[in-house]
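# Tertiary structure, described
Here is how the chains run, residue by residue.
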Amino acid sequence: MKKKLLGTLATSLLLACSLPGLAAAEPKEGGRANVVVQPEPPGLMLGILQNAPTQMVAGNIYEGLLRYDEKLNPKPQLATSWTISDDGKTYTFKLQKGVKWHDGKPFTAADVVFTADVFLRKTNPRTRASLAYVDTITAPDDETVVFQLKQPFGPFIRMFEVGTMPIVPKHIYEGTDFQANPANNTPIGTGPFKFAEWVKGSYIKLVKNPDYYEKGKPHLDEIYWHVIPDAAARAVAFETGKVDILPGGSVENFDVPRLAKTKNACITDKGWEFLAPQSWLWFNHRGGLTADVRFRKAVSYAIDRDFAREALWNGMGKVSTGPFADSTAFRDEKVLVNYSYDPAKAKALLKEMGYKGEPVRFTPMPYGETWMRWAEAIKQNLEDVGIKVDMITTDVAGWNKKLGDWDFDLSTTFLYQYGDPALGVSRAYVSSNIAKGSPFNNVGGYSNPEVDKLFADGAVAFPDSARQTIYSAVQKKLSDDAVYAWLIDLKFPTLTHCNVKNLITTGIGVNDGFKDAWIE
Amino acid sequence: MKAFWSRFRRHKAAVAGLVVVLLVVAIAIAAPYFYPVSPWKMVQRPFLPPFANPAVPLGTDTLGRNVASGLAYGARVSLLIGTVSTLVALAVGVPIGALAGYFGGVVDDVLMRFTEFFQTVPSFALAIVLVAIFQPSLFSIIIAIAIVGWPPVARLVRGEVMAQRQREYVEAAILAGQSHLTIITRQILPNVVSPIVVLASLMVASAILLESSLSFLGLGDPSIMSWGYMIGAARTVVRQAWWLSVFPGVAILISVLALNLVGEGLAEALDPRSSRDQA
């Protein structure tokens, strides 16, 4: 099994190496990409809808000012260049020349100002929260946009990705009711592909934008996004060649190695660096065993993460070593306690605290077979070191409620980190984010004024070296406290037929569009 | 007793069924001796096919757990849930049926309307709802199966008691001044025990099936290894690892079939008419 996985990983490396410039073969023009989209998106207006399938399809129609590579470095998209002032408060973007909307109207700086200052402030809560740091957004001329911040906000440069800030056409939306605009059904963007047809329950068709401003792109003529509701049927569609691309999460994890071994199948775990989903075990800090740091450490040592990664996640992703996922900015491995699998240490800690076999309630996240098997493995790991675990199973609604009501001792979960600790990490640790009713805030109830202050300072510190100092300190504190048992920095592998080239070229993966993709 | 056994023994299929049931009971009792470690323990690499390693003769599952050990411990769970839930259903159904059949009239009407209320709800749907409400656990599953299982018992007992109620020996007992309770428990129930025993053996079989179905849907007790859970967990990997669903499936099939055969054998052996025919 291990050998085969190495094989598939080698293939994925090969696939990843076919980046522009490095690719040996010349891109072939034309052809059609058949992709699975799961579930069917509720709509394609990316400025209004944020669902994962919407982001996946609409990333071809709309564009952001920037893209981000695997290291999350900004790359040009609608903006060709950008500067950040020395005080960290003024961001100036120079825009692409000669860009046209899909309806032929010219794209200008006024569209960007409208999008950020008017449209997204109204429609996108996540973007709105970050735009609170922005004082003014202006367009000194048609090709320049200036964001003036009230105070430095380090994560700001990571906000211009297409899912977070898709640029929408001012001439269509200005002065209308955004949610009810009929144009939402026929989305108009600047992207490499245009919306053509949507047969509900069957497929969404996009066609090449012949006037795309990057010469020679895109290479494909059309993209069909197929709606196939059953996981087994999606796997069969890939095997029979009806679809060429299975984005992450569209088939059961256990089916991935089998499909990866089929003829002409390539697999890659790239393209999740920006979202950086990290899984961990919540501890309820409000009382009981899990309020005792020795118990939390014992649990952290007792879990065999490498086994779960091999057996349940097909050897993909990375074992988490701390609260910042592997690809999240400002991660600092040096300050972290090494909680790798060590049952003897776990037993010693339990003995030290005088643990006498009191049961803990484990309410695992019921997100399908992989997560349930994982919960069983964790329970067994804990029982192997002598911890008595009462597993409480429920459906998704029941799990949301139990976690939202803080009625648990242990629970599995995963959250996106969005590249920056201020955007995706702090929310699970700061005391201001403790509130009943949601399973995705600081559910564990960890409350530490020192950590609160560090996270607050980190968000607005400038420059990055100052942020690094603060975030290193916070990681050390969280790791020393074993706040949660961090499990795996997840990757959801993308399966393709090997003749699909250059599909994943950024840290956002398939969501960043098929601009560079081609089919041999 | 001897006569009963000789009648039962004539029924070859029933004897075979009994042998299988006793075998399952033996496996259930011996499980901890063969497999001292928990069936949840990850003992080998995942997806080891059967017959490849003598330590895990039936292979390993998605997490490297021993399938053979799971089957042995699953037998305990199936038998435990089957018998206990049947006993609970009998404890509820027999008194209600006996009272309704003995007293008749208003008592009968009230008790039977109450019974019908349970019978009109599809039993599997009711069991799912009950387990979901009370949190899946061994206790809630047994209770749920008993709740959907007792109405047929009550109806059967009512009919039998009603027939006995007209007999002379009951009239004689009443004239002798025996209390209603004594008449029901001492006089009538011993005479209707045969159909109850037959029904009970079939109920054990259906309880095993019901528990398997609940576990298959993920509504089993998360800390006990049962056959239904094993099949449910194997569903997504059925194309990679056939043995994960086939072995527990066969175990359920054989056990339920055996219990049904025993039930049929009992029905014939306990039926006074069949004994008269043979005499």
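Everything numeric here is computed off the predicted structure, so don't read it as measured data.

## A short note on the overall build of chain A
A tally of helices and strands in chain A yields 15 helices and 21 strands. Since a compact globule built from 520 residues should have a radius of gyration of about 24 Å, the 24 Å found for chain A is in line with a globular shape. Seen through its C-alpha atoms, chain A measures out along the principal axes to roughly 75 × 55 × 45 Å. Within chain A, buried positions represent 60% of all 520 residues. Relative to all contacts within chain A whose residues are 6 or more apart in sequence, the contacts with residues 24 or more apart total 71%. Element-wise, carbon and sulfur atoms account for 54% of the exposed surface of chain A, whose accessible area totals about 19500 Å². Mean positive and mean negative side-chain charge positions of chain A (60 and 60 charges, respectively) differ by 2 Å.

## Some remarks on the nonpolar core
Grouped together as the largest cluster of nonpolar side chains are 184 residues, with contacts concentrated most on Leu65(A), Phe147(A), Phe160(A), Trp225(A), Ile387(A) and Phe514(A). At 11 residues, the largest contribution of residues to this core is made by helix α10 (residues 243–270) of chain B. Excluding anything up to four places from it in sequence, Phe160(A) contacts Gly64(A), Leu65(A), Leu66(A), Tyr68(A), Phe93(A), Phe147(A) and Met165(A). In this structure, Ala98(B), Val170(B), Ile188(B) and Val192(B) belong to the second largest nonpolar core, which totals 25 residues.

## Topic: a nonpolar patch on the surface
Residue and element names in this part refer to chain B. Taken together, the side chains of Trp242, Val246, Val250, Leu253 and Ile254 make up a nonpolar region of the molecular surface, amounting to roughly 450 Å² of accessible area. Tracing the backbone through its elements, the reader meets tryptophan 242 in the loop between α9 (227–234) and α10. By relative accessible area, which is 44% here, tryptophan 242 ends up partly exposed.

## Quick notes on unusual backbone geometry
Excluding glycine, a negative phi dihedral is what most residues carry, and trans is how most peptide bonds are arranged. All names here are of chain A. Here the residue pair lysine 217 and proline 218 is connected by a cis peptide bond, since its omega of -5° sits within 30 degrees of zero. In this structure, the amide linkage connecting phenylalanine 462 to the following residue, proline 463, adopts the cis form with an omega of -5°. In this fold, proline 463 is placed in the loop between α14 (449–460) and α15 (464–480).

## Structural notes on the state of the cysteines
Residues and elements named next belong to chain A. This model, assessed by the stated rule, comprises 1 disulfide over all chains. Disulfide pairing places cysteine 266 opposite cysteine 498 at an S-S distance of 2.1 Å. Residues cysteine 266 and cysteine 498 are joined by a disulfide whose S-S torsion is about 110°; by sign, that bridge is right-handed. One end of the pair, cysteine 266, is in strand β12 (residues 265–268); the other, cysteine 498, is in the loop between β19 (494–497) and β20 (500–501), and 232 residues separate them in sequence. Both residues of the pair, cysteine 266 and cysteine 498, count as buried.

Reading the values: rules and limits
Residues numbered from 1 in each chain as written. Chains lettered and ligands numbered in written order. Predicted model: local features only at pLDDT ≥ 70, side-chain atom pairs only at ≥ 80, totals over all residues. Heavy atoms only, no water. Helix = DSSP H or I, 4+ residues; strand = E, 2+ residues; numbered from the N terminus. Rg over C-alpha atoms; globule rule 2.2 N^0.38 Å. Buried < 20%, exposed > 50% of the residue type's maximum accessible area, 1.4 Å probe, protein only. Contact = heavy atoms within 4.5 Å. Areas by Shrake-Rupley, 256 points an atom, 1.4 Å probe, with all protein chains shown as cover. Lys, Arg positive; Asp, Glu negative; His and termini not counted. Charge placed at Lys NZ, Arg CZ, Asp CG, Glu CD. Core = buried A, V, L, I, M, F, W, Y, C linked by side-chain atoms within 4.5 Å. Patch = residues over 30% accessible without salt bridge, like charges linked within 9 Å, V, L, I, M, F, W, Y side chains within 5 Å. Salt bridge = Lys/Arg side-chain N within 4 Å of Asp/Glu carboxyl O. Disulfide = S-S within 2.5 Å.

Just geometry here; none of it tells us what the structure is for.
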